[in-house]
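# Close look at the chain arrangement
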Amino acid sequence: ARRASPLRRSAARTAPEDEHSMAPPLPAKEATLFKAIVKHYELKSYKKGLRAADQVLKKFPEHGETIAMKGLLLNCMEKKEEAYDLVRKGIKLDIKSQVCWHVYGLLYRSDREYAQAIKCYRGALRHEPENVKILRDLSMLQIQLRLLPGFLETRQKLLTMKPTNRMHWFTFAVALHLVGRYDEAVGVVEAYERTLEGSDEPSKEPYEYSEMLLYKNTLYEEAGQPQKALDDLDAIKEKVSDRTGWRERRAALLLAVGRHGEAGEEYLALLKRNPEHFGWHAGLQAAELQTATPTERWLSAEVTAEAEATLAALYSKLQKAFPKSQACMRLPLDFTRSPPAFAAALDAYARSYVRKGVPSLFADLKPLCAAGAWSRALFGEIVAGWVGALEATGAFPDTCEKEPPSTLMWARVLLAQYYDNCGDTAAALSQLDMAIGHTPTCLDLYLFKARVYKHAGHASAAARWMEEARKMDLADRYLNTKATRYLLRADCVPEAEATIALFTKDGGSTLHEMQCVWFELELAASYLRTGDYGRALKNFTHVEQHFADIGEDQFDFHTYCVRKMTLREYVKMVRFEDTLHGHAFYVTAACGIVDTYLRLVTKPARDAAAAAAEEAGGGLSVQERKKAESKRRKAEAKAKAEAEAQAKRDADAKGKDGKGGKKGGGKEKPPDDDPHGEALASVEAPLAKAAGYMRTLLLHAPAELRVQVLACQLAMARSKPLLALRALRKAISLGAADAQVHRSAARFLHLYRAGGAALAPAVATVVERHSAQILAAAGLPTGATAEAYNDAFLARAGGGAAA
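This one's a predicted model, so the numbers in the text were calculated from it and none came from an experiment.

### Some remarks on the overall build of the chain
Within the chain one finds 44 helices and 0 strands. Per-residue burial for the chain yields a buried fraction of 46% across its 803 residues. When the accessible surface of the chain is split by element, carbon and sulfur atoms take 54% of a total near 40300 Å².

In structure tokens, the structure reads:
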């Protein structure tokens, strides 16, 4: 986080008229030294600042503000305990000094204890209520914690105190915007706009002025006044710098007010600029269909015959108007429901890519082959027909034009990927083997073969074939990344680390600093599968820390975005950060942490099993144990030597780098006290720790099936039947046919019915009623056992993957 220094005006008092401080004012010489302390802090010259503080304290050893500033400097030098002690001492000596309280808040803020920092800032404001610096710092913490009413109040006070500052006007408008008081926010923007009458600011800063007008227009739209927003947008047309953005907003507003013809004209004009923009295509489709809501993906939507005919006519015209547009050829595949029309559209779109040999073609067409999609079987028939015709005649069906031999190979690749998507591993491998036999030097074929094995659950074979692909082009970073991922999924951790180190500095040791989340998640999952719970938790918590850093990075934008007048993007950023813990990476990491803690409770740790095996001799002879011990000692010696060499390299690099040495700006990375996660895996109450993560998951990702399944398992482990029942019901609503949901339901029925865990009468009544509903959904009577419920699921699964 950025450091905020106490105000020099109030920090270095030399006049006796300051009524708040309990300490006498410093003489002129020491006051100058105190100003130098603040200056050194701002310039990160911490050692110089300490020397100046010591000079002041030599004559005035109980000057509270100097003691507090010395603590702040020590905090920047990573001497946390001493820093807190000094600042607390400074407050005791001068409890009415806003500087001491402000510094105390800065310490808490640097440790991300924002609630405590707010208390300290409020303590400072009690003694100097109109200190602009402290009010601004307080407002940043309030928006960071989303304390919106307090944020609004603080920004209003700042605007009242400094009405000539543009930032205060628009930060106050944003505060009103975030609390939903749109009309008042518009009034604030209009009031500031009136202050610009007769000034040259709009012409000197046209972009900032344009953004202000568009922000006001956004407020009208979010207030539910699309017609007013449209009228305002037309009025500001000549003042807006972003012409494309203006036209896009106008098209969307015309659609919202039902003027579909004009909206269609605007979207068509936008498509002339970029015919590949799917959002503009969706708007044009909505205008043609005369609906208010655009639909970007039609595969899962219901399409009437009339709508299909309208869209087909539209795209027939668009394909003639934009003959090189890929989107105009691809989108009809989504809304077409007629098999002949679908076959014709697929031929027109995909044949050229098969002929060119585009490896990513199936990734584009994969939604058409999703489970349950009406086009899945038809797609397979069409591609199989291509392969058959190319084998027989060397040409596509219904044509005599001969194709190059590579066309058949890529048609086989497309068919193999289709078979793989349908779960037919043998057929997919057969097609790929024929393609490899045709062109054994095409590395994409080996990549696809590795993917087929991955989908089949054969992780080691998948890793082997991905390594084959990687070795064919050692300079390809993508293949290196894929090979690393596949090796981790095969639990080949040393090989994976060696592979990823080929494209990183310092042998892969910087991956954590680079926030390489995918690597840490895969590494943690590998450790979890092999029972190394400490390292699994270590890597999962690394990902959690990355998300904490992303949240912390907001501080850089609370003032920057308002200063640069990117208000619309700032509001989007704030709303995105509110959903940060629902991101797939965070959900995966938090679920991994919960799962690991559950395993720590329900299963013995791998270290305990290894210790028991070692104590018993592990069934090895004396000579074998000696060999194993010798091997272990050599490995430890090698690891120690590598660590010492790395430390020496780091020291040499630091010695060569002359930056930051004098000013103390170059912070050394503190050593990791728990590199293997033993402390994380040895917590006293793992279920309580897991429950904290689960609360976050249920708040931000309640629609994730894996979250509800884990919530049910955790509640059962904590003997919370009602919480388990709530999570189970939600999981069943999200995926009743899922094997993990069934497993949780069967375990719940086994634990809490028919002589299971003792329950309070009221709880037992609720459990019994909802258990009967679960059984009834499976076609079983109320008194059925968990075993009968499981048998019914196996019968329905019919030997499939779920069973």
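### Describing helix H9 (residues 148-161)
In this model H9 runs 20 Å from its N-terminal to its C-terminal C-alpha over 14 residues, within 8% of the 20 Å that 1.5 Å per residue would give. For H9, the full list of buried residues reads Leu148, Gly150, Phe151, Leu152, Thr154, Arg155, Leu158 and Leu159. Buried residues in H9 make contact with helix H8 (132-144) and helix H10 (166-178).

### Observations concerning a positive patch on the surface
Taken together, the side chains of Lys47, Lys48, Arg51 and Lys79 make up a positively charged region of the molecular surface. Among the secondary structure elements, Lys79 is positioned in the loop between helix H4 (64-76) and helix H5 (80-93). Under the relative-accessibility criterion, Lys79 is labelled partly exposed at 39%.

### A word on the packing of helix H30 (residues 517-529) against helix H35 (residues 584-602)
Where H30 contacts H35, the axes come no closer than 11 Å and their chain directions differ by 20°. As the angle between them shows, H30 and H35 are arranged roughly parallel. Considering the relative orientation of H30 and H35, their crossing is left-handed. Note on element contacts: H35 touches H30 through Phe585, Thr588, Ala589, Asp595, Thr596 and Arg599, opposite Val517, Leu521 and Leu528. Partitioned by chemical class, the residues of the contact of H30 with H35 number 5 nonpolar, 2 polar and 2 charged.

### Points about the packing of helix H28 (residues 477-489) against helix H29 (residues 493-500)
One way to put it is that H28 packs onto H29 with a least axis distance of 8 Å and a crossing angle of 165°. One way to sum up the angle between H28 and H29 is to call them roughly antiparallel. H29 is crossed by H28, and the crossing has left-handed handedness. When H28 is examined against H29, the residues Asn480, Ala483, Thr484, Leu487 and Leu488 are found in contact with a partner set consisting of Val493, Glu495, Ala496, Thr499 and Ile500.

### Thoughts on the packing of aromatic side chains
Following the criterion strictly, the structure yields 17 aromatic pairs and no others. Consider the rings of Phe748 and Tyr752, whose centres lie 5.1 Å apart with planes at 55°: the pair is tilted. A residue pair is termed a helical-turn pair when its members lie 3 or 4 positions apart in one helix, as Phe748 and Tyr752 do in helix H42 (residues 739-752) at 4 residues. The same class applies to Phe748 and to Tyr752, which are both buried. In textbook terms, an aromatic cluster arises when at least three aromatic residues are bridged by ring pairs, as seen for Tyr84, Trp101, Tyr104 and Tyr108. In this structure, Arg109 is placed above the aromatic ring of Phe555, and the distance from its NZ or CZ to the ring centre is 4.4 Å. The aromatic ring of Trp246 is capped on one face by Arg243, whose charged end is 5.3 Å from the ring centroid.

### Overview of the pattern of salt bridges
Summed over all chains, the structure comprises 33 salt bridges. For Arg575, the salt bridge identified is with Glu222, shortest N-O distance 3.0 Å. Taken together, the positions of Arg575 in helix H34 (residues 567-578) and Glu222 in helix H13 (residues 206-222) put the pair 353 residues apart, joining distant regions of the chain. Residue Arg575 is classed as partly exposed on the basis of its relative accessible area, which comes to 36%. Among the salt bridges present, the one from Glu391 reaches Arg412, with a minimum N-O distance of 2.4 Å. Taken together, the residues Glu391 in helix H23 (residues 376-393) and Arg412 in helix H24 (residues 405-421) connect sequence positions 21 residues apart.

### Here's the deal with H24
In a regular helix each residue adds 1.5 Å, so 17 residues correspond to 24 Å; H24 covers 25 Å between its end C-alpha atoms and thus fits that length. Counting buried positions along H24 yields 13 of 17 residues, so the element is predominantly enclosed. Two residues or fewer past H24, Gly423 is found with a positive phi of approximately 90°.

### Here's the deal with the nonpolar core
The biggest cluster of nonpolar side chains holds 120 residues, and the ones touching the most others in it are Leu346, Leu365, Phe379, Trp386 and Tyr789. It is H35 that provides the largest number of residues to this core, a total of 10 residues. Apart from residues no more than four positions distant in its own chain, Leu365 is found in contact with Arg330, Leu333, Leu346, Tyr349, Ala350 and Phe379. One finds Val174, Val240, Tyr267 and Ala307 within the second-largest nonpolar core, a separate group that totals 64 residues.

### Let's talk about unusual backbone geometry
The residue Arg112 is not glycine, and still its phi comes out positive at about 65°. Within the element layout of this structure, Arg112 appears in the loop between helix H6 (98-110) and helix H7 (114-127). For Arg112, a relative accessible area of 34% translates into the label partly exposed. Positive phi values are uncommon outside glycine, yet Asp491 reaches one of about 60°. Relative to the helices and strands, Asp491 resides in the loop between H28 and H29. The exposure class assigned to Asp491 is partly exposed, which follows from its relative accessible area of 31%.

About the thresholds
- Residues numbered from 1 in each chain as written.
- Predicted model: local features only at pLDDT ≥ 70, side-chain atom pairs only at ≥ 80, totals over all residues.
- Heavy atoms only, no water.
- Helix = DSSP H or I, 4+ residues; strand = E, 2+ residues; numbered from the N terminus.
- Buried < 20%, exposed > 50% of the residue type's maximum accessible area, 1.4 Å probe, protein only.
- Areas by Shrake-Rupley, 256 points an atom, 1.4 Å probe, with all protein chains shown as cover.
- Expected span 1.5 Å × (residues − 1).
- Contact = heavy atoms within 4.5 Å.
- Patch = residues over 30% accessible without salt bridge, like charges linked within 9 Å, V, L, I, M, F, W, Y side chains within 5 Å.
- Salt bridge = Lys/Arg side-chain N within 4 Å of Asp/Glu carboxyl O.
- Lys, Arg positive; Asp, Glu negative; His and termini not counted.
- Charge placed at Lys NZ, Arg CZ, Asp CG, Glu CD.
- Axes fitted to C-alpha atoms, helices over the stretch in contact; angles between N-to-C directions.
- Parallel < 35°, antiparallel > 145°, perpendicular 65-115°, else oblique.
- Left-handed = near helix turned anticlockwise from the far one by under 90°.
- Nonpolar A, V, L, I, M, F, W, Y, C, P; charged D, E, K, R; others polar.
- Phe/Tyr/Trp six-rings, centres within 6.5 Å; stacked < 30°, edge-to-face > 60°.
- Lys NZ or Arg CZ within 6 Å of the ring centre and 35° of its normal.
- Core = buried A, V, L, I, M, F, W, Y, C linked by side-chain atoms within 4.5 Å.

In short, the description is geometric, and any link to function would need to be established separately.
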